[in-house]
Amino acid sequence: MSAEVELVVDAKAVLGEGPVWHEEGRRLYWVDIEGRLLHVFDPESGEDRAVDVGTRIGAVATRARGGLVVAVESGLAFYDLEEESLT
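Broken down by element type, the protein chain carries zero helices and eight strands. If you list the helices and strands of the protein chain from N to C, you get β-β-β-β-β-β-β-β. A globule of 87 residues ought to have a C-alpha radius of gyration of about 12 Å, and the protein chain, at 13 Å, matches this closely. In terms of its C-alpha atoms, the protein chain occupies a principal-axis envelope of roughly 45 × 30 × 20 Å. Per-residue burial for the protein chain yields a buried fraction of 24% across its 87 residues. Intrachain contacts of the protein chain at a sequence separation of at least 6 include 22% that bridge at least 24 residues. Carbon and sulfur atoms make up 48% of the accessible area of the protein chain, which totals about 6,000 Å². Positive and negative charge centroids in the protein chain, built from 8 and 18 side chains respectively, lie 5 Å apart.

This part takes up the nonpolar core. Among the nonpolar cores identified, the biggest contains 15 residues, and Leu38, Ile57, Val60, Leu68, Val70, Tyr79 and Leu81 are the most heavily contacted of them. Only strand S2 (27–32), strand S3 (37–42), strand S5 (57–62), strand S6 (68–72) and strand S7 (75–80) provide two or more residues apiece to this core. Tallying contributions element by element places S6 first for this core, with three residues. Setting aside residues no more than four positions away along its own chain, Val60 makes contact with Gly18, Val20, Tyr29, Trp30, Val31, Leu38, Leu68, Val69 and Val70.

On to the sheet that holds S3. Taken in spatial order, the four strands line up as S1-S2-S3-S4 in an open sheet, and their pairing is antiparallel. A strand with exactly one partner marks an edge of an open sheet, and here the two such strands are strand S1 (16–22) and strand S4 (47–52). Mean inter-strand twist for the sheet, computed between neighbouring axes without regard to direction, equals 20°. Examined bridge by bridge, S2 and S3 share five bridges and lie antiparallel to one another. The partner of Val31 across the bridge, within S3, is Leu38.

This paragraph deals with the pairing of S5. The sheet contact formed by S5 and S6 spans five bridges and is antiparallel. Bridge pairing in S6 places Val60 opposite Val70. From the end of S5 to the start of S6, which pair antiparallel, there are five residues, and Gly66 there has a positive phi angle of about 100°.

We now examine the packing of aromatic side chains. All told, the structure shown has zero aromatic pairs when counted by the stated rule. Directly above the aromatic system of Phe78 lies the positively charged group of Arg63, at a separation of 3.9 Å from the ring centroid.

Analysis parameters
Residues numbered from 1 in each chain as written. Predicted model: local features only at pLDDT ≥ 70, side-chain atom pairs only at ≥ 80, totals over all residues. Heavy atoms only, no water. Helix = DSSP H or I, 4+ residues; strand = E, 2+ residues; numbered from the N terminus. Rg over C-alpha atoms; globule rule 2.2 N^0.38 Å. Buried < 20%, exposed > 50% of the residue type's maximum accessible area, 1.4 Å probe, protein only. Contact = heavy atoms within 4.5 Å. Areas by Shrake-Rupley, 256 points an atom, 1.4 Å probe, with all protein chains shown as cover. Lys, Arg positive; Asp, Glu negative; His and termini not counted. Charge placed at Lys NZ, Arg CZ, Asp CG, Glu CD. Core = buried A, V, L, I, M, F, W, Y, C linked by side-chain atoms within 4.5 Å. Pairing = 2+ DSSP bridges. Axes fitted to C-alpha atoms, helices over the stretch in contact; angles between N-to-C directions. Phe/Tyr/Trp six-rings, centres within 6.5 Å; stacked < 30°, edge-to-face > 60°. Lys NZ or Arg CZ within 6 Å of the ring centre and 35° of its normal.

Shown next as structure tokens:
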């Protein structure tokens, strides 16, 4: 059995990790640890938004109240995508 592979996002990530699908928002979140980027991929439009969080980011998870929880060098933090703020 062979599978056909298609490159959807040519992000040129240094160390891409941790994909998380958010069913409600229909988005794929993933991180580029060494690039210090949080990626938000919209498969419908094909857009991959890369946000520089200013520190190495190792993982991402969605929050029931909105926004994201991220694992960064200094610990856990909340990330607001609309404000692009890390707290």
